[in-house]
Amino acid sequence: MKKKLLSALLSVALVATLLVGCGNNGGGTETTAPADDTQTEAPADSSDEAPAEESGSTTGGGELIGVSMPTKDLQRWNQDGENMKAQLEAAGYEVDLQFASNDIPTQVSQIENMISGGCKLLVIASIEGDSLGTVLQQAKENDIPVIAYDRLIMNTDAVSYYATFDNYLVGQKQGEFIVEQLDLDNAEGPFNLEIVTGDPGDNNVNFFYGGAMDVLQPYIDSGKLVVKSGQVEKADVATANWATDAAQSRFEAIISSYYSDGTNLDVVLASNDSTALGVVNALEANYTGEWPIVTGQDCDVANVKNIVAGKQSMSIFKDTRDLASKVVEMVDAIMKGEDIAGLDTETYDNGTGVIPSYLCEPVFADVNNYKEILIDSGYYAESDLQ
Ligand code: BGC
């Protein structure tokens, strides 16, 4: 993604967030500079800030909240970070927002600095779910609550809450889309399927892959779906860091070994948009058969363009404004010692017990509804997608 476009996009998303409110009662006139290249952002100087409105539950007393995001390399984390910062500031908090360049030691040291810098609560989207136990022990010893953001942080009892989208439902929607598109219950088949999922250290992968495979596995078992590469197990279809180029190289190898002799590839289950982009790049470069169905997730700009161009079949819209506003509510409740209602207390066990979770709803997106859900809602401007 071009940086200029991303900046424009973030500004639009941010303004839209502030205009529509998305359940956040703060409603201030906060503005935040678009993301730059540095992957770190200093806490806002609150003296320059417009005061948060005295309304509802969002009346923070200026406490410093640490927000740790995995990387600026993928569009969604920029949006998540900026939405969180804008909404927390509008609610009366100061924010230390950091991006960790997908590097685990960087994320650990950024969190250490947040703890020593006086953050009263941490919101963390981890790079690798299992790598934060030691640093979060320090948070626990300092009575700093932790909200796991989008990705569950595993094997530490320092995590108080988890806020995410319903990740199993994401995978399930992708699987069901494939069943419907190929009419798997009636068509004779067989159809050729290949599978691409994400980083093995991201706990969400278990749910994306699991949700989709619970739908598709029976058709693989019956022979209606055939995976010519034989790569079906989660470990075989993983993509380190969810990187587009890694998905692309693996897919180029699959095309040249199994689909270069005129054999049609009917469908690709790609767990998200960054990997779907790699698949589409590989198909464009090396594949000559009929264009397959390709799934995705996130509604990244490049992928929505591919949906409009007929190169990707669907995505899943995860409105990061909703997630941010829910997390701001959680932060506010925790800071005031209040209960948080409407949590799932069954699904997400991080190895130390179930973490109470708030699940936002993922929304199916394709060429027929993208305008309504992405443009009419103010998430993107029409010009972003041209
Ligand atoms: C998120 C997805 C995202 C992926 C890669 C996952 O943890 O839930 O929305 O596509 O990470 O950034």
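In this report, we go over the structure that sits alongside the text. Just so it is clear, the structure is predicted and the values come from calculations on it, not from any experiment.

Cut-offs and rules
Residues numbered from 1 in each chain as written. Predicted model: local features only at pLDDT ≥ 70, side-chain atom pairs only at ≥ 80, totals over all residues. Heavy atoms only, no water. Core = buried A, V, L, I, M, F, W, Y, C linked by side-chain atoms within 4.5 Å. Buried < 20%, exposed > 50% of the residue type's maximum accessible area, 1.4 Å probe, protein only. Helix = DSSP H or I, 4+ residues; strand = E, 2+ residues; numbered from the N terminus. Contact = heavy atoms within 4.5 Å. Near = heavy atom within 4 Å. Polar contact = N/O pair within 3.5 Å; in protein donor to acceptor, adjacent residues only side chain to side chain. Areas by Shrake-Rupley, 256 points an atom, 1.4 Å probe, with all protein chains shown as cover. 1 Å grid on protein atoms, 1.4 Å probe; cavity = no way out; pocket = protein on both sides within 12 Å on 5 of 7 lines; lining within 4 Å. Sits in = over half its atoms within 2 Å of the grid points. Nonpolar A, V, L, I, M, F, W, Y, C, P; charged D, E, K, R; others polar. Salt bridge = Lys/Arg side-chain N within 4 Å of Asp/Glu carboxyl O. Points joined across faces, edges and corners; volume = space filled by probe spheres on them. Pairing = 2+ DSSP bridges. Axes fitted to C-alpha atoms, helices over the stretch in contact; angles between N-to-C directions. Parallel < 35°, antiparallel > 145°, perpendicular 65-115°, else oblique. Left-handed = near helix turned anticlockwise from the far one by under 90°. Lys, Arg positive; Asp, Glu negative; His and termini not counted. Phe/Tyr/Trp six-rings, centres within 6.5 Å; stacked < 30°, edge-to-face > 60°. Lys NZ or Arg CZ within 6 Å of the ring centre and 35° of its normal.

1. Here's the deal with the nonpolar core
With 58 residues, the main nonpolar core has L88, V123, Y149, I195, L225, V327 and V331 as its most contacted residues. Sort the elements by how many residues they give to this core and helix α6 (residues 204-221) lands first, with 9 residues. Look past the residues within four positions of L88 in its chain and what remains in contact with it is I65, V67, Y93, V95, V328 and V331. Judged by nonpolar contacts, the second largest core, of 24 residues, contains I111, A139, M154 and A158.

2. Thoughts on the site of the ligand
By nearness alone, 13 residues border the ligand, and R76, D150, R151, D202 and D298 come closest of all. Here an oxygen atom of the ligand sits 2.6 Å away from a polar atom, N or O, in the side chain of D150. When the free accessible area of the ligand is taken as 310 Å², the share hidden by the protein chains comes to 100%. Placement of the ligand is best described as lying within the largest cavity. Looking at the shell around the ligand, the elements with two or more residues in it are α2 (75-90) and α6. A breakdown of the residues in the shell around the ligand according to their chemical character gives 4 nonpolar, 3 polar and 6 charged.

3. So, the pattern of salt bridges
According to the stated counting rule, one finds 9 salt bridges in the structure shown. Two residues, R321 and D319, come together in a salt bridge whose shortest N-O distance is 2.8 Å. For the pair R321 and D319, one class covers both residues: buried. One connected set of salt bridges, linked through shared partners, spans R76, D80 and D150.

4. Section: empty space enclosed by the protein
Any empty space left between atoms is shown by rolling a water-sized probe over those atoms. Within the structure shown, the criterion is met by 5 cavities of 30 Å³ or more. Its boundaries defined by the atoms lining it, the largest cavity holds a volume of some 140 Å³. Considering the residues around the largest cavity, the lining is formed by 15 residues, among which R76, W77, R151, N272 and D298 are closest to the centre. Elements supplying a minimum of two residues to the lining of the largest cavity: α2 and α6. Each residue belonging to the lining of the largest cavity can be placed in one class, and the counts come to 4 nonpolar, 4 polar and 7 charged. Taken together, P70, T71, L74, W77, N102, I127, R151, D199, D202, N241 and W242 make up the lining of the second largest cavity. Taken together, the residues of the lining of the second largest cavity break down into 5 nonpolar, 3 polar and 3 charged.

5. Regarding the sheet that holds strand β4 (residues 146-149)
A sheet is described by the order of its strands in space; here 6 strands give the open sequence β2-β1-β3-β4-β5-β11, paired in parallel fashion. Both edges of this open sheet fall to β2 (94-99) and β11 (357-360), since each of them pairs with a single strand only. Shown here is a sheet whose adjacent strand axes are inclined to one another by a mean of 15 degrees, direction ignored. Looking at chain direction, strand β1 (residues 64-69) and strand β3 (residues 121-124) are connected through 4 bridges and run parallel. Looking at the pairing, S68 lines up with I124 of β3. Strands in contact with helix α4 (residues 133-141) are β3, β4 and β5 (159-165); relative to β3, the strand with the most contacts, it is inclined by about 155 degrees. The strands touched by helix α10 (residues 320-336) are β1, β3, β4, β5 and β11; relative to β5, the strand with the most contacts, the crossing angle is about 160 degrees.

6. Overview of the packing of helix α8 (residues 273-286) against helix α9 (residues 301-308)
When two helices pack together, their arrangement is captured by the angle between the axes and the distance separating the axes. Two elements in contact, α8 and α9, have axes separated by 9 Å at closest approach and are oriented at 50 degrees. As summarised for this structure, α8 and α9 are arranged oblique, according to the angle between their axes. Classified by chirality, the crossing of α9 by α8 is left-handed. On the side of α8, the interface is formed by D273, A276, L277 and V280, while α9 contributes A302, N303 and N306. Considered class by class, the residues forming the contact of α8 with α9 number 4 nonpolar, 2 polar and 1 charged.

7. A few points about the side chain of K224
For K224, the location among the structural elements is in the loop between α6 and β7 (225-226). Summary of buried charges: K224 has no salt-bridge partner, and the nearest side chain of opposite charge, D185, is 6.2 Å away. Among the polar contacts made by the side chain of K224, one reaches the main-chain carbonyl oxygen of L184 at a distance of 2.8 Å.

8. Section: the packing of aromatic side chains
Throughout the structure, instances matching the rule amount to 6 aromatic pairs. An angle of 80 degrees between the planes, with centres 5.0 Å apart, marks the rings of Y162 and Y348 as edge-to-face. In this pair, Y162 is assigned in strand β5 and Y348 in the loop between α10 and β11, connecting sequence segments 186 residues apart. Owing to a relative accessible area of 1%, Y348 belongs among the buried residues under this scheme. Grouped by ring-pair contacts, the aromatic residues Y162, F207 and Y348 constitute a single cluster. Sitting over the face of the ring of F99, K72 holds its NZ or CZ atom 5.0 Å from the ring centroid.

9. Some remarks on α9
The complete set of buried residues in α9 reads V301, N303, V304, N306 and I307. Of the residues one or two after α9, G310 is the one with positive phi, at around 80 degrees.

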